[in-house]
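Descriptive analysis of the structure
Chain by chain, the residues run as shown.
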Amino acid sequence: MKNNNSADVVVIGAGVNGSLLATRLAKAGKSVLLLESGPKVGRDQLVERFRASAFKSDFMSPYPFSPKAPHPRYTPESNDYLHQAGPHPFAAQYIRMFGGTSWHWAAQLWRFVPNDFRQHSQYGVGKDWPIGYEDLEDYYYQAEVIAGVGGSPDNGSPRSKPYPMERVPASWLQQRVTARLAPDFTVLDDSTGRNSHSYDGRPACCGNNNCMPLCPIDAQYHGGIAAQQAENSGVKVITEAVVYQLEHDAKGNIVAANYYDWNKVSHRVTAETFVLAANAIETPKLLLMSVSDKFPNGIANVHDNVGRNLCDHPAIGVTFDVDEEIWPGRGPVSPCSIGQFRDGEFRSEHAPFRIDISNASQVAAVTKEVLAEGLFGKKLEEEIRFRAARRLSIKNALEQLPDPNNRVTLSSNKDELGLPTPSLYWDVSDYVTKGTEKTRECYDAIAAKLGATNIKHSKTGKFSNRQHITGTLSMGLDPATSVTDAWGRAHDHQNLFMVGTGVMPTVGTCNVTLTAMALALRTADKILQETQHG
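Calculation criteria
Residue numbers run consecutively from 1 along every chain, following the written order of its sequence. Per-residue local features of the predicted model are confined to residues with pLDDT of at least 70, and side-chain atom pairs are confined, for both listing and counting, to 80 or more; whole-chain, interface and lining totals are unaffected and use all residues. The side-chain quantities take in all heavy atoms of the structure and omit both hydrogens and water. Helix and strand definitions here come from DSSP, where helices need a minimum of 4 consecutive H or I residues and strands a minimum of 2 consecutive E residues; each element is numbered from the N-terminal end. Throughout, radius of gyration means the C-alpha value; the globule benchmark is 2.2 Å times the number of residues raised to the power 0.38. Partly exposed describes any residue whose relative accessible area lies between the buried limit of under 20% and the exposed limit of over 50%, with all areas from a 1.4 Å probe on protein chains only and scaled to the type maximum. Contacts: residue pairs with any heavy atoms within 4.5 Å of one another. Calculation of accessible area relied on Shrake-Rupley with a 1.4 Å probe; when residues are assessed, cover is drawn exclusively from the protein chains displayed. Only four residue types enter the charge count, namely Lys and Arg as positive and Asp and Glu as negative; His and the chain termini do not. Charged groups are reduced to one reference atom each: NZ for lysine, CZ for arginine, CG for aspartic acid, CD for glutamic acid. Each nonpolar core is a collection of buried residues, namely Ala, Val, Leu, Ile, Met, Phe, Trp, Tyr and Cys, held together in the definition by side-chain atoms within 4.5 Å. UniProt positions are given in the numbering used here, feature names are shortened, and annotations may be inferred rather than shown by experiment. We call a pair of cysteine sulfur atoms a disulfide whenever their separation is within 2.5 Å. Strand pairing follows a simple DSSP-based rule, namely that at least 2 bridges must link the two strands. Axis angles are defined between N-to-C directions and span 0 to 180 degrees, where every axis is a line fitted to C-alpha atoms and, for a helix, only to the segment in contact. What makes a salt bridge here is a side-chain nitrogen of Lys or Arg within 4 Å of a carboxyl oxygen of Asp or Glu, nothing more. Angle categories: roughly parallel below 35 degrees, roughly antiparallel above 145, roughly perpendicular from 65 to 115, and oblique for all the rest. Each crossing gets its handedness from the near helix: less than a right angle anticlockwise from the far helix is left-handed, clockwise is right-handed. Three classes are used, and their members are as follows: Ala, Val, Leu, Ile, Met, Phe, Trp, Tyr, Cys and Pro are nonpolar, Asp, Glu, Lys and Arg are charged, and the others, Gly among them, are polar. Directions from the helix axis toward the C-beta atoms define the arc.

**Quick look at the overall build of the protein chain**
When helices and strands are tallied, the protein chain shows eleven helices and 16 strands. Computed over the C-alpha atoms, the radius of gyration of the protein chain is 23 Å, within 12% of the 24 Å expected from 2.2 N^0.38 for a compact globule of 534 residues. Counting only C-alpha atoms, the protein chain reaches 70 × 50 × 45 Å along its principal axes. Each of the 534 residues in the protein chain was classed as buried or not, and the buried ones make up 60%. Once local pairs closer than 6 in sequence are excluded, the contacts in the protein chain between residues at least 24 apart make up 72%. For the protein chain, the computed accessible surface area is about 20,300 Å², with 50% contributed by carbon and sulfur atoms. Between the mean site of the 54 positive side-chain charges and the mean site of the 58 negative ones, the protein chain shows a separation of 3 Å.

**What about the nonpolar core?**
In this structure, Ile12, Leu35, Leu246, Leu287, Leu496 and Met498 are the most contacted members of the largest nonpolar core, which totals 71 residues. In this structure, leucine 35 is in contact with Val10, Val11, Ile12, Gly13, Ala14, Ile238, Ala241, Val243, Tyr259 and Val269, ignoring residues within four places of it in sequence.

**What to know about the UniProt feature "domain: Glucose-methanol-choline oxidoreductase C-terminal" (unreviewed entry) in the protein chain**
Under the local residue numbering, the UniProt record ascribes the feature "domain: Glucose-methanol-choline oxidoreductase C-terminal" (unreviewed entry) to residues 402–520. Along residues 402–520, the helical share is 24% and the strand share 18%, with 21 Å between the first and last C-alpha atoms.

**Examining the state of the cysteines**
Overall, the coordinates contain zero disulfides when judged by the stated rule. No disulfide involves cysteine 211; its sulfur sits 6.1 Å from that of cysteine 205, the nearest cysteine. The thiol of cysteine 215 is not disulfide-bonded; the next cysteine sulfur, from cysteine 211, is found 6.5 Å away.

**Observations regarding the sheet that holds strand β12 (residues 391–398)**
An order of β4-β10-β11-β12-β9-β15 is seen for the six strands of this open sheet, with the pairing classed as antiparallel. A strand with exactly one partner marks an edge of an open sheet, and here the two such strands are β4 (187–189) and β15 (453–457). Within this sheet the neighbouring strands show an average axis-to-axis angle of 25°, counted without direction. Summarising the sheet, strand β10 (residues 336–338) and strand β11 (residues 353–357) pair through three bridges and their orientation is antiparallel. Note that in β11 the partner of cysteine 336 across the bridge is isoleucine 357. Each of β9 (317–321), β10, β11, β12 and β15 is contacted by helix α10 (residues 430–449), which is oriented at about 155° to β12, the strand it contacts most.

**A short note on the pattern of salt bridges**
Tallied over the entire structure, the rule returns 35 salt bridges. Residue glutamate 325 pairs with arginine 390 through a salt bridge whose shortest N-O separation is 3.9 Å. Of this pair, glutamate 325 sits in the loop between β9 and β10 while arginine 390 sits in helix α9 (residues 377–390), and the two are 65 residues apart along the sequence. Classification of arginine 390 by relative accessible area gives buried; the value is 14%. Between glutamate 383 and lysine 379 there is a salt bridge; the shortest N-O distance is 3.8 Å. Of this pair, glutamate 383 and lysine 379 both sit in helix α9, four residues apart, which is roughly one turn of the helix. We classify lysine 379 as partly exposed; its relative accessible area is 46%. One network of salt bridges, with partners in common, ties together Asp321, Glu369, Glu373, Lys379, Glu383, Arg387, Arg391 and Lys456.

**Let's talk about the packing of helix α8 (residues 363–372) against α9**
Interhelical geometry of α8 versus α9 gives an angle of 135° and a closest axis separation of 9 Å. As judged from the angle between their axes, α8 and α9 are oblique. The interaxial crossing formed by α8 with α9 has right-handed handedness. Residues Val363, Val366, Thr367, Glu369, Val370 and Leu371 of α8 form the contact with α9, whose own contacting residues are Leu380, Glu383, Ile384, Arg387 and Ala388. Looking at side-chain class alone, the contact of α8 with α9 contains seven nonpolar, one polar and three charged residues.

**Focus: α8**
Regarding α8, the residues found buried are Val366, Glu369 and Val370. Projected down its long axis, α8 carries its buried residues within an arc of 90°, all on one side. Residues Ala364, Lys368 and Ala372 are exposed on α8 and point more than 90 degrees away from its buried face. Those residues of α8 hidden inside the fold are in contact with α9, β12 and β15. At the C-terminal side of α8, glycine 374 shows a positive phi close to 85°.

**A short note on the UniProt feature "domain: FAD dependent oxidoreductase" (unreviewed entry) in the protein chain**
Summarizing the sequence annotation, UniProt attributes the feature "domain: FAD dependent oxidoreductase" (unreviewed entry) to residues 8–42 in the numbering used throughout. Secondary structure content for residues 8–42 is 34% helix and 26% strand, and the end C-alpha separation is 28 Å.

**Focus on helix α5 (residues 172–181)**
If you check which residues of α5 are buried, you get Leu173, Gln174, Val177 and Leu181. Down the axis of α5, the buried side of the element spans an arc of 95°, and every buried residue falls inside it. Along its buried surface, α5 packs onto β4, β10, β11, β12 and α10.

**Some points on the pairing of strand β14 (residues 420–425)**
With five of six residues buried, β14 lies mostly within the body of the structure. In terms of strand pairing, strand β3 (residues 83–84) meets β14 through two bridges, oriented parallel. Looking across to β14, one finds that glutamine 84 is bridged to leucine 424.

**Examining unusual backbone geometry**
A negative phi holds for most residues other than glycine; trans holds for most peptide bonds. Going from threonine 75 to proline 76, the amide bond is cis rather than trans, its omega being -5°. Mapped onto the elements, proline 76 comes out in the loop between α2 (43–52) and β3. Phi angles above zero are rare outside glycine, and alanine 107 is one such case at about 60°. Among the secondary structure elements, alanine 107 is positioned in the loop between β3 and α3 (119–123). Residue classification places alanine 107 among the buried residues on the basis of a relative accessible area of 0%. Phi is positive for glutamate 240, which is not a glycine, with a value near 55°. Within the secondary structure, glutamate 240 sits in the loop between β5 (236–238) and β6 (241–248).

Okay, structure coming up:
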């Protein structure tokens, strides 16, 4: 084993949250070492990989895969990296590389609504957070400034300052859907980190409609930008560094992290403070692997809470053909949504939800559809044009309540470095099922207002993942029921912090990255406050 690095702070995971925290610490004068299990690949290479991919519908196709630091793959067939132990498959997608999973997203950066933080005291379900909306409001704004966020200001999340970015102009689809659904449904601009004008050295959106799997011109913010800014700020970055064990001293403080390089040479790094920022699945995996005589169930797991309360947004969808040409595929893929069902007294009875209206091009999907119907020649061409101009796709984000039985554990399978792969147990409660019924009622009402034909609901009882993974490192006041405190510090280890979506006790009804970014900046300030003598 090589002892080759030490720093004031070691951060494990170079996604957007670890990178933001590392940047803030480095700019304040701390020496920071950032370890990333995957490789570093530039946007130009990723764009070329997607251009050459035979699987354009697979949004993971641009991103490099290595069995040394594997992530889930489902195309052309599943690699079964995630062992499924529950009644519903938890088909998580994430990327192990410099910049992390937010390379692959539509840059939706929503704030929670205030009642999301006091769900149990307000509605008698779920959990209350150990902090409130007011504790994060300024950090929300700091994160929005970093990313260049714009959106509809009156979306249920109070603001002390306006958005730092004006919205990207509404597409034709958004204009027509907004007009025709009013007043029954209020369509809002999504809160997104997407440039409507040049910002922070990045250009304005030009409507490539390729936000997922990656923006080809960097008009939207992502973790690759955050990670590069960390390195530019003096953070030392080591990629292809797979951390497999945390060491502690007699008091339980973390003293070292051990990692394998991709040749399986082991290295040991030391620090005064350690921050885990891998993600809500890989971080629990590392904690559970780090067993010792003092901590036989793993680091930060004295009360057996690590990996529990795994949540996502179980999603159902609908597609149909509108009675006029709306031309999806012009502008951003996720421009707008319906947010009026995110909060209310009904939350005591059924899951709240937000409805996402897609503007992604439908050409590939309808072409596959009409070819399967046996059409050819001029009729094929006419039908592709007809359906592609009218096809609307909608999906939702249903809140799932935290359940300790939904969890991440270690499977008996091993990856190429000999490390265990994650095992996931995930089920969906009646609370979600009742929210699903309400969603379908909304879908039918929306379809009727748009003169819909060819209506196709997703299969009853089947849910897709929104990749908004929370809960497995849940923060709370009581160590018996949570992993971290209100600052993301492990209850069991004074110098171990965690950032990312895993520390979020509940999942709300919106994309979770902005809340995690705000929490990461807040944790960085806490670390600086406590180590000013360093």
